[in-house]
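Descriptive structure summary
Residue-level listing of the chains:
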Amino acid sequence: MTRSREKIAIFLLAALLGLGGWKGLNALLDREAPTRSAPLTGDRDMTRKIKRTDREWKAVLTPEQYEVMRKCGTERPFTGRYNDFWEPGAYVCAGCGTPLFLSSAKYDHGTGWPSFTAPADESNLEYRDDYSLLVKRVEVRCAACGAHLGHVFDDGPQPTFLHFCVNSASLDFRPEARAPVPGKGQDAAAATRTATFAAGCFWGVEHQLGLAPGVVSTVVGYTGGKAADPTYEEVCAGRTGHAEAVQVTYDPAQVSYADLVRRFFSIHDPTQVNRQGPDRGSQYRSAIFYHDEAQRAEAREVMEELAASGKHKKRLATELVPASAFYRAEERHQKYYQKHGYACY
C-alpha cells in the first residue's frame, strides 16, 4: 500500500513538472521574439517610428491586411495580388508606405507568394527569430511600423541566395514613375512640389489624382475654412467652411502643375455649385488652392482654356483661391480606395 502511494505521488509530481515545462515552453514561444540583425549584417537595434493603437490599425487596414500585418497571419498561396505581378516599380509597406523591395529583385520561387532576392534598403527591414511552428524561422518586419511581412530563407538564387517570401497583403505597389528611390529621400523631397484640390468626396479624388504619372504621394484632409483641427463629422455637417480636399506631392520633372490641373478637371463636373453627384454642401465644392503665383497663373490659364473649349455648357464654378491651413483627415479616410476597393466619385 505504501509503495502504491509512492508511485501515485511520483506520478503526480512528474505530471506537475511536465505541465510546468509545457507552460514554460508555451511562454517562450508566445513571447515577442527579440529583434535580430539581417542575414550577413551585424546586430543593430531598430527603433520604430510609427506607433498606432490596435483600434487605429483596424481602422486603416483591411481585415486581411490586419490579420497578416498585425497578427502575423499568412495569406493562402497563389491568391495574393502580387504573386504573379511583374510591372516595374517598387513595393512599399501597405501600413506606412516605407520602401521595401524593388521589382528588379522579384522572381518566381514557385511557392505562391511574392519572392525577392534582396530588400530595397536594408535599414527598412527588421528581423526576428520565429518559433511559432516549433522550428526556427526568420521573420521579416517593416522597421518603420513593425508590420509582419513574411519570412526570409536561404534557398534563393544567386548572388544573395536569399529568398524573401512576402505576403501580398503587406505590400502596396508604386509604378516605376512614382517609385520612391531608396537612400535618396531628402533629395527627392527637395525636388517635389505640392498641389491642393477639392472636387467632391475626397476618397475617389485621391485615387484618381494618385494615378497620375509623376505623383509621389497623396493625402486627404480639410482646408479652405476657419475651424482649427476639424473632424470628419464636423466638416460633413457643413459647420466649418472647409472642403474635403486632396494634397498632392508631385515631381515637376515628370508632370507639370498645368497637367495636374487638367486631370483635376477631368475627374469631376466643375460646373456644379457646392455638390458632386449625390454629395451636397460647400464641403463638396470644386476648388483649386494655389500655393504660389506661378500655380495661380497656370491654373487660370487652364481654366480659360477649358472655358473656351466649349466642353461645358455652363460656366465653371471652380474656386481659385490661395492655399491655407490643411488639416490631415483621420487615418480611416487615407487611401480609402486602396483599402476597400471602391470610393465615391
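What you see is a predicted model, and the numbers here were worked out from it, not measured in a lab.

On to the sheet that holds strand β10 (residues 171-175), then. Within the open sheet, the three strands sit side by side as β3-β2-β10. Their pairing is antiparallel. Lying at the two open borders of the sheet, with one neighbouring strand each, are β3 (99-102) and β10. Going across the sheet, the axis of each strand differs from the next one's by a mean of 30°, ignoring polarity.

For the structure on display, the rule yields 12 salt bridges. Of the charged contacts, one joins Asp 54 and Lys 58 as a salt bridge, the two residues approaching to 3.9 Å between their closest N and O atoms. Taken together, the residues span about one helical turn, with Asp 54 and Lys 58 both in helix α2 (residues 54-60) at a distance of four residues. Here Asp 54 falls in the partly exposed class, since its relative accessible area comes to 40%. Note that Glu 331 is salt-bridged to Arg 328, the shortest N-O span being 3.1 Å. Judged by its relative accessible area of 27%, Glu 331 falls in the partly exposed class. By relative accessible area, which is 49% here, Arg 328 ends up partly exposed.

Taken as a whole and assessed by the stated rule, the structure comprises 15 aromatic pairs. The interplanar angle of 85° and the centroid separation of 5.5 Å between the aromatic rings of Tyr 82 and Tyr 91 together place this pair among those described as edge-to-face. Given a relative accessible area of 0%, Tyr 91 falls into the buried group. On the numbers, 6.2 Å between centres and 25° between planes, the contact of Phe 202 with Tyr 232 is stacked. Separated by 30 residues along the polypeptide, Phe 202 in helix α5 (residues 202-210) and Tyr 232 in helix α6 (residues 232-236) bring together distant segments of the chain. Residue Tyr 232 is classed as buried on the basis of its relative accessible area, which comes to 17%.

Scoring rules and cut-offs
- Residues numbered from 1 in each chain as written.
- Predicted model: local features only at pLDDT ≥ 70, side-chain atom pairs only at ≥ 80, totals over all residues.
- Heavy atoms only, no water.
- Pairing = 2+ DSSP bridges.
- Helix = DSSP H or I, 4+ residues; strand = E, 2+ residues; numbered from the N terminus.
- Axes fitted to C-alpha atoms, helices over the stretch in contact; angles between N-to-C directions.
- Salt bridge = Lys/Arg side-chain N within 4 Å of Asp/Glu carboxyl O.
- Buried < 20%, exposed > 50% of the residue type's maximum accessible area, 1.4 Å probe, protein only.
- Phe/Tyr/Trp six-rings, centres within 6.5 Å; stacked < 30°, edge-to-face > 60°.

Remember, this is a structural readout, not a statement about activity or role.
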